[in-house]
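If you want the building blocks of each chain, they are given just below.
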Amino acid sequence: MSIERKDEHDHDAWMEERDLTALESMYLSVLIWFDKRLRIVDYLELLEDLYYKVNMQMPKSHTEQYNLDNKFWYWYPLYALGSFSTIAYVVAAISGALLGFYYAPAAAAADGTPSVAYESILFIMGDLNLGLFLRSLHRWSAQIMVAAVFLHMLRVYFTGAYKEPRELNWIIGIVLISLTMVFGYSGYLLPWSQLSFWAGQIGVEMSLSIPLIGEYVAQLLFGGFTPSQATLVRMYILHVFLLPFVVTTLIAIHIGIVWMQGIAEPH
Ligand code: HEM
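Residues numbered from 1 in each chain as written. Predicted model: local features only at pLDDT ≥ 70, side-chain atom pairs only at ≥ 80, totals over all residues. Heavy atoms only, no water.

Caption draft 1: Representation of the coordination of the iron atom of the ligand within the structure. On the protein side, the iron atom of the ligand has His152 (NE2) and His254 (NE2) as donor atoms, found 2.0 to 2.1 Å from it. Taking relative accessible area as the criterion, His254 reaches 14% and is therefore assigned buried. (Donors = N, O, S within 2.8 Å, 3.2 Å for Na, K, Ca; no water. Buried < 20%, exposed > 50% of the residue type's maximum accessible area, 1.4 Å probe, protein only.)

Rendered as structure tokens:
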């Protein structure tokens, strides 16, 4: 329904002419109130146009092209692995944000505590109400995400869904699986336990093994040649600030492209 902008008197008359229910007239009054101040109807119409244009999927899916009634593969469970990765990501993001209230990204303290970060993990697990549950939720969702993303990639490969016109989404997928692993690695270092520390040392050694620029890479990623406070802060900022922004944006683009192109059927 299109509403032309009129003065208040016209609106009242317009509404009286039509036999509107209480709910309809309330809806219209609110809409008109906002429209007078924010031109909301014009913007809604723009969105509506955009929706119809964008919703014309390209290219036609196999079932549409050949007019097949049997769309059984839309329900094929392996086609849900991408959504499964997304759900695992959302659970990890929410539980991670809550863990952030109690975690401190600090290595040794002046009073001789060898790892403040590890102490905060012990606090979360031992003293915080539902802390053990929260940390387990975060770790399990993170690991399930890695597995789901990997299986999702296999299903895309074996059904040939990476072929034209979906190459761009395959490339975004490669970036996403790589960043998922960086998420996992940076998170693994955060407890600053023995496992974390030595995993950090392995990362340093791996960086150093890169020819010519190895030392610069180690310096940039780990802040030195042995894990230290500088390493912990780098991993922390990657894990809770940079990666969430980049990965959330890429997942949104990835799913947006699936929405535009439609799901590929097996070739
Ligand atoms: C954070 C990681 C990822 C998330 C959250 C994600 C999410 C999704 C979702 C929800 C779909 C819809 C179809 C389905 O569920 O199977 C999809 C499709 C697709 N994904 Fe991913 N994905 C991720 C990683 C990857 C990776 C690693 C690749 C490959 C390198 C990839 C390539 C594709 C392609 C080509 C499609 C289109 C498939 C088709 O049209 O049938 N994605 N993705």
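Caption draft 2: Structural view of the side chain of Arg155. Tracing the backbone shows Arg155 in helix α7 (residues 131–158). On the accessibility criterion, Arg155 (10% relative accessible area) is buried. Look past the residues within four positions of Arg155 in its chain and what remains in contact with it is Leu78, Tyr79, Leu81 and Ala161. (Helix = DSSP H or I, 4+ residues; strand = E, 2+ residues; numbered from the N terminus. Contact = heavy atoms within 4.5 Å.)

Caption draft 3: Molecular detail of the packing of aromatic side chains. On inspection of all chains with the given rule, the structure shows 11 aromatic pairs. Ring centres 5.3 Å apart and planes at 85 degrees place the aromatic pair Trp33 and Phe34 in the edge-to-face group. With a relative accessible area of 34%, Phe34 lands in the partly exposed category. Among the aromatic residues, those joined into a cluster by ring pairs are Tyr157, Phe158, Tyr162 and Trp170. Between Arg37 and the ring centre of Trp33, over which it is positioned, the NZ or CZ distance is 3.9 Å. Here Arg155 stacks its cationic end above the ring of Tyr79, 3.9 Å away from the centre of that ring. (Phe/Tyr/Trp six-rings, centres within 6.5 Å; stacked < 30°, edge-to-face > 60°. Lys NZ or Arg CZ within 6 Å of the ring centre and 35° of its normal.)

Caption draft 4: Region of interest: the layout of surface pockets. Estimates place the volume of the largest pocket at around 860 Å³. Around the largest pocket, the lining comprises 30 residues; the ones closest to its centre are His138, Phe183, Gly187, Leu190 and His239. Among the secondary structure elements, those contributing two or more residues to the lining of the largest pocket are α5 (81–99), α6 (116–126), α7, α8 (167–189) and α11 (229–261). Of the residues forming the lining of the largest pocket, the biggest block, 7 residues, is contributed by α7. Residues that form the lining of the largest pocket fall into these classes: 19 nonpolar, 9 polar and 2 charged. Here the second largest pocket is characterised by a volume of approximately 740 Å³. If you go around the second largest pocket, you meet 32 residues; those closest to its centre are Gly82, His152, Val156, His254 and Val258. Among the secondary structure elements, those contributing two or more residues to the lining of the second largest pocket are α5, α7, α8 and α11. (1 Å grid on protein atoms, 1.4 Å probe; cavity = no way out; pocket = protein on both sides within 12 Å on 5 of 7 lines; lining within 4 Å. Points joined across faces, edges and corners; volume = space filled by probe spheres on them. Nonpolar A, V, L, I, M, F, W, Y, C, P; charged D, E, K, R; others polar.)

Caption draft 5: The arrangement of helix α10 (residues 214–222) in detail. For α10, the full list of buried residues reads Gly214, Val217, Ala218 and Phe222. Take α10 and look down its axis: the buried residues cluster within an arc of 100 degrees, on one side only. Of the exposed residues in α10, the ones pointing more than 90 degrees away from its buried face are Glu215, Tyr216 and Leu220. Summarising the contacts, the buried residues of α10 are in contact with α8, α9 (194–208) and α11. Just past α10, the residue Gly223 takes up positive phi, approximately 65 degrees. (Arc of directions from axis to C-beta.)

Caption draft 6: Representation of a nonpolar patch on the surface. A cluster of nonpolar side chains, contributed by Val233, Ile237, Val240, Phe241, Leu242, Phe245 and Val246, occupies part of the molecular surface with about 600 Å² of accessible area. For Leu242, the location among the structural elements is in helix α11. Judged by relative accessible area, which is 43%, Leu242 ranks as partly exposed. (Patch = residues over 30% accessible without salt bridge, like charges linked within 9 Å, V, L, I, M, F, W, Y side chains within 5 Å. Areas by Shrake-Rupley, 256 points an atom, 1.4 Å probe, with all protein chains shown as cover. Salt bridge = Lys/Arg side-chain N within 4 Å of Asp/Glu carboxyl O.)

Caption draft 7: Region of interest: the packing of α8 against α9. Two elements in contact, α8 and α9, have axes whose closest approach is 8 Å; the angle formed by their N-to-C orientations is 130 degrees. Our classification of the angle between α8 and α9 gives oblique. Facing Tyr185, Tyr188 and Leu189 of α8, the residues of α9 in contact are Leu195, Ser196, Ala199, Gly200 and Gly203. Residues that form the contact of α8 with α9 fall into these classes: 5 nonpolar, 3 polar and no charged. (Axes fitted to C-alpha atoms, helices over the stretch in contact; angles between N-to-C directions. Parallel < 35°, antiparallel > 145°, perpendicular 65-115°, else oblique.)

Caption draft 8: Looking closely at unusual backbone geometry. The peptide bond linking Glu164 to Pro165 adopts the cis configuration, its omega dihedral lying at 5 degrees. By the element assignment, Pro165 lies in the loop between α7 and α8. One non-glycine residue, Leu212, lies in the positive phi region at around 65 degrees.

Caption draft 9: Here's a closer look at the nonpolar core. Ranked by internal contacts, the top residues of the largest apolar core, which has 14 residues, are Tyr89, Leu176 and Val247. Of all elements in the fold, only α5, α7, α8 and α11 reach the threshold of two or more residues within this core. Every residue in contact with Leu176, bar those within four places of it in the chain, is listed here: Val247, Leu250, Ile251 and His254. The next biggest cluster of nonpolar side chains, apart from the first, holds 13 residues, and it includes Leu189, Trp192, Val204 and Phe222. (Core = buried A, V, L, I, M, F, W, Y, C linked by side-chain atoms within 4.5 Å.)

Caption draft 10: Geometry of the site of the ligand. Close contacts around the ligand come from 25 residues, with Tyr79, His152, Gly173, His254 and Ala264 the closest. One of the backbone N or O atoms of Tyr79 is found 2.8 Å from an oxygen atom in the ligand. According to the grid-proximity analysis, the pocket containing the ligand is the second largest pocket. Listing elements by their share of the shell around the ligand, those giving two or more residues are α5, α7, α8 and α11. (Near = heavy atom within 4 Å. Polar contact = N/O pair within 3.5 Å; in protein donor to acceptor, adjacent residues only side chain to side chain. Sits in = over half its atoms within 2 Å of the grid points.)

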